[in-house]
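# Coordinate inspection notes
Okay, here's what each chain looks like letter by letter:
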Amino acid sequence: MQNELTTLIYEIELKPGEKLNLPESILENITTGHWVITIQQKAEESKSTRSHDAFLNGYAPEDEGLYDDYPSR
């Protein structure tokens, strides 16, 4: 018996009123064997951008030169 791990990942977007219709290319890759098919909703992408302003705002003028003895990377 020969086993081959195949992972197929497809991202789709359904508009209102549309129904899920699996592409023929997926159906062609499913052959004899045991399969697990998972359908999950994609997480919303975060619209915020990471910012390091809090670190920069926490740097006081009296801290100037504090790390001069450390070697640069």
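Residues numbered from 1 in each chain as written. Predicted model: local features only at pLDDT ≥ 70, side-chain atom pairs only at ≥ 80, totals over all residues. Heavy atoms only, no water.

## Digging into the overall build of the protein chain
The condition that has to hold: Runs of H or I in DSSP of at least four residues are treated as helices and runs of E of at least two as strands, each being numbered from the N terminus. Burial classes: relative accessible area under 20% of the type maximum marks a residue as buried, over 50% as exposed, and values in between as partly exposed (1.4 Å probe, protein chains only). Per-residue accessibility takes into account occlusion by the displayed protein chains alone, with areas from the Shrake-Rupley method and a 1.4 Å probe.
Looking only at helices and strands, the protein chain features two helices and zero strands. In the protein chain, which comprises 73 residues, the proportion classed as buried is 3%. Summed over its atoms, the accessible surface of the protein chain is roughly 8500 Å², and 51% of this surface lies on carbon and sulfur atoms.

## A closer look at the environment of Thr-38
Here Thr-38 shows up in the loop between helix H1 (24-29) and helix H2 (53-57). Linking Thr-38 and Ile-9, residues 29 residues apart in sequence, is a C-alpha distance of 9.9 Å.

## A word on the pattern of salt bridges
For clarity, the cut-off: By definition, a salt bridge exists where a carboxyl oxygen of Asp or Glu is found within 4 Å of a side-chain nitrogen of Lys or Arg.
As enumerated under the stated definition, the model contains two salt bridges in all. Lys-42 is the partner of Glu-11 in a salt bridge, and the nearest nitrogen-oxygen pair spans 2.9 Å. Of this pair, Glu-11 sits in the segment before H1 while Lys-42 sits in the loop between H1 and H2, placing them 31 residues apart in sequence. Among the salt bridges present, the one from Lys-15 reaches Glu-13, with a minimum N-O distance of 3.4 Å.

## Digging into a nonpolar patch on the surface
Under the convention used in this document: Residues forming no salt bridge and having over 30% relative accessible area are the ones grouped into patches, like charges within 9 Å of each other and nonpolar side chains (Val, Leu, Ile, Met, Phe, Trp, Tyr) within 5 Å.
A cluster of nonpolar side chains, Tyr-10, Ile-12, Leu-14, Leu-20, Leu-22, Leu-27, Ile-30, Trp-35, Ile-37 and Ile-39, forms an exposed patch at the surface whose accessible area comes to about 1000 Å². What makes Leu-22 partly exposed here is its relative accessible area of 41%.

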